Each structure stands twice: as structure tokens, then as C-alpha cells.
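# Results of the structural survey
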Amino acid sequence: MKESAAIRRFFSGFKKTPFHPQWFVFKDEKSALEEIAQSAQGCVLDLGAGTQKIRGFLSPSCEYISLDYYETATQWYETIPSVFGDAAALPFPKDSMNTVLLLDVLEHLPDPEMCLKEVHRVLMTDGKLIFQVPFLYPLHDVPYDFQRWTLFGLHRLAQNHHFQIEIEKGLNHHLESAALLSNLALSKTLIRWASDRNLLLSLGIFFPFIILYNNLHAWVFARLSTEDPFMPTGYRMVWIKKE
């Protein structure tokens, strides 16, 4: 256990560099938050807010309200949201929000349909739901990881819950997605070797350089290729509430 924790700490120091297994997740994090914040307006409800990263990027004219489960906020993130609550039973009146955020949260909800129904209820007409979900990404925050959606599945959700899609964006080129998954598989293998005290752990000295190669190779060839919706790591979308 000590060895696997040491491996995690080692890689955390390279979070913003191509030596990190999840470089394609973290390298554009700031610009992604800026982009999301530009679409937010008015009273902003952040569901599953976690560490509330988006708060510092919102316009001063926005009123920010964060909501999270008590256990998630206090034990996982050590934060205190504006409101402790359940995304499937929001403690807010109808038509009370201008913007709702669901950033890498919907996949963790056992009843995402009820959550979307509640979001539609609390949003004002023409209010915005801004959300991000993974598509090609490993299980995480287990056992609270319940589903993945294709782009067409998300279109169906929007239609079923009376939202109009304003913006949709696939995250990462398919070469970058492949590199990310390869890096995560290598990292998981190394952590398993450490936990099992496997003699192959000594090969871990080569892993940072393999990860560096994977990241740079994918990044360069993605820049030389055309956009393709074949296999993104996830999706970011803006939906508008319509009656």
C-alpha cells in the first residue's frame, strides 16, 4: 500500500506535464473552466460541486450556489457546499436558476433521469444546463460510477427532457484518447505490481518515459490530423431549457 501511494504522489508532481498519465485531462483544465464560465450567467447552481473549482472563473455578476452530498463533500473533498442535498431531489423552487452545472457528475448518479427532470424544473425558461461527462474513461470513484453515454444517447436525453442543444463538443482527438487509456492502463499495472510486491515493479523506471512518448506522439499526430468524433474521452455540452 505504501508503494502504490508513493507512485501516486510521484506522478502528481508532474500533473501539468506530458510525463503525467492524465496529461490530456489536466493540460487544458484552466481553459475549459474559462470556457464553461463564459456560458454561465445569473444564478448558477453547481451540482456535485466537489472542490468548487469553477467558482473562481465565474463573472462577479453571477450568484454561485454549490450543492453536494454530505459524505462526498466532507469526506472526499473536505469542503462545505452552500447546500447539502441530492441532485435527484433539489431543494429549490421551480424556475429559480439561470444556469445549472453538472461537471463530471451525471455518470455518478444512480438516477440521472430524475436529476435531469429536477434540473429542468429549477431552471428558468431559456436557462442553461452546462455539463460534462466521460465517454472513454476508466471506472473512477467506485462504486459510484454507473453509466456512460454516446453522443446519440445524449441527444436522446436532451429530447426526452425538453432541452435544446446549443453547444456540443467532443473532448480530445481519438489518438489522444488512445494515449490516455494506454497511460492509465500502464499506471494501474504499476500500482498493482507495487501492491503485490511483484518483482516486475523494477520495470517501473521506464514507465514515465513510455508515458512521455505516448503523450507527445499522440499530441503531435493529432495536430496533423483532422477533427473526428470517432472516440473522444468525453463530451461537454450546453442545453437550453424549452417549455
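Structure report, in brief.

Criteria and cut-off values
Residues numbered from 1 in each chain as written. Predicted model: local features only at pLDDT ≥ 70, side-chain atom pairs only at ≥ 80, totals over all residues. Heavy atoms only, no water. Salt bridge = Lys/Arg side-chain N within 4 Å of Asp/Glu carboxyl O. Helix = DSSP H or I, 4+ residues; strand = E, 2+ residues; numbered from the N terminus. Buried < 20%, exposed > 50% of the residue type's maximum accessible area, 1.4 Å probe, protein only. Pairing = 2+ DSSP bridges. Contact = heavy atoms within 4.5 Å. Axes fitted to C-alpha atoms, helices over the stretch in contact; angles between N-to-C directions. Polar contact = N/O pair within 3.5 Å; in protein donor to acceptor, adjacent residues only side chain to side chain. Core = buried A, V, L, I, M, F, W, Y, C linked by side-chain atoms within 4.5 Å. Parallel < 35°, antiparallel > 145°, perpendicular 65-115°, else oblique. Nonpolar A, V, L, I, M, F, W, Y, C, P; charged D, E, K, R; others polar.

## Points about the pattern of salt bridges
The tally for this structure, following the rule as stated, stands at 11 salt bridges. Among the ionic pairs, Lys 53 bridges to Glu 29, the shortest N-O distance being 2.7 Å. Here Lys 53, found in the loop between strand 1 (43-47) and strand 2 (63-68), pairs with Glu 29, found in helix 3 (residues 29-39); they are 24 residues apart in sequence, far enough to count as distant. The class of Lys 53 is partly exposed, set by a relative accessible area of 42%. With its nearest N and O atoms 2.7 Å apart, the salt bridge here joins Arg 148 to Asp 145. Judged by its relative accessible area of 26%, Arg 148 falls in the partly exposed class. Given a relative accessible area of 11%, Asp 145 falls into the buried group. One salt-bridge network, held together by shared partners, links Lys 16, Glu 29 and Lys 53.

## Observations concerning the environment of Glu 34
Looking at the element boundaries, Glu 34 is found in helix 3. Sequence-wise, Glu 34 and Lys 15 are 19 residues apart; in three dimensions their C-alpha atoms are separated by 19 Å.

## As for the pairing of strand 7 (residues 234-241)
Among the eight residues in strand 7, eight count as buried, and that is most of the element. Here strand 7 shows a buried face lined by Gly 234, Arg 236, Val 238 and Ile 240 and a second buried face lined by Tyr 235, Met 237, Trp 239 and Lys 241. Here strand 5 (residues 123-134) runs beside strand 7; their pairing, made up of seven bridges, is antiparallel. When the bridges of strand 7 are listed, Val 133 appears paired with Tyr 235. Across eight bridges, strand 6 (residues 163-171) lies against strand 7 in antiparallel orientation.

## Focus: the sheet that holds strand 7
Sheet strands pair by backbone hydrogen bonding; their relative direction is either parallel or antiparallel. Read from one edge of the open sheet, seven strands run 3-2-1-4-5-7-6, paired in mixed fashion. In this open sheet, the two edge strands, each paired with only one partner strand, are strand 3 (83-84) and strand 6. Two strands pair when backbone bridges link them, and strand 1 and strand 2 are joined in this way by five bridges, in the parallel orientation. Looking at the pairing, Leu 47 lines up with Leu 67 of strand 2. Across the face of the sheet, helix 3 comes into contact with strand 4 (97-103), strand 5, strand 6 and strand 7 while running at roughly 10 degrees to strand 7.

## Let's talk about the side chain of Lys 241
With respect to the helices and strands, the residue Lys 241 is situated in strand 7. At 2.8 Å, the side chain of Lys 241 forms a polar contact with the backbone oxygen of His 120. If sequence neighbours within four positions are ignored, Lys 241 has contacts with Asp 95, His 120, Arg 121, Leu 123, Met 124, Thr 125, Asp 126, Gly 127, His 162 and Phe 163.

## Describing the nonpolar core
Leu 47, Leu 102, Leu 129 and Trp 239 are the most contacted members of the largest nonpolar core, which totals 31 residues. In this structure Trp 239 touches Leu 116, Gly 127, Lys 128, Leu 129, Phe 131, Leu 154, Leu 157, Ala 158, Phe 163, Gln 164 and Ile 165, once residues within four positions along its chain are discounted. Ile 36, Ala 40, Val 238 and Ile 240 belong to the second-largest nonpolar core, a separate cluster that totals 15 residues.

## Focus: the packing of helix 7 (residues 174-196) against helix 8 (residues 207-223)
As a packed pair, helix 7 and helix 8 sit with axes 8 Å apart at the nearest point and diverge in direction by 170 degrees. Here helix 8 runs roughly antiparallel to helix 7, going by the angle between their axes. Across from Leu 175, Glu 176, Ala 179, Ser 182, Asn 183, Leu 186, Ser 187, Leu 190 and Trp 193 in helix 7, the residues of helix 8 making contact are Phe 207, Ile 210, Ile 211, Asn 214, Asn 215, Ala 218, Trp 219, Phe 221, Ala 222 and Arg 223. The class makeup of the residues in the contact of helix 7 with helix 8 is 12 nonpolar, five polar and two charged.

Worth remembering: the numbers are spatial, not functional.
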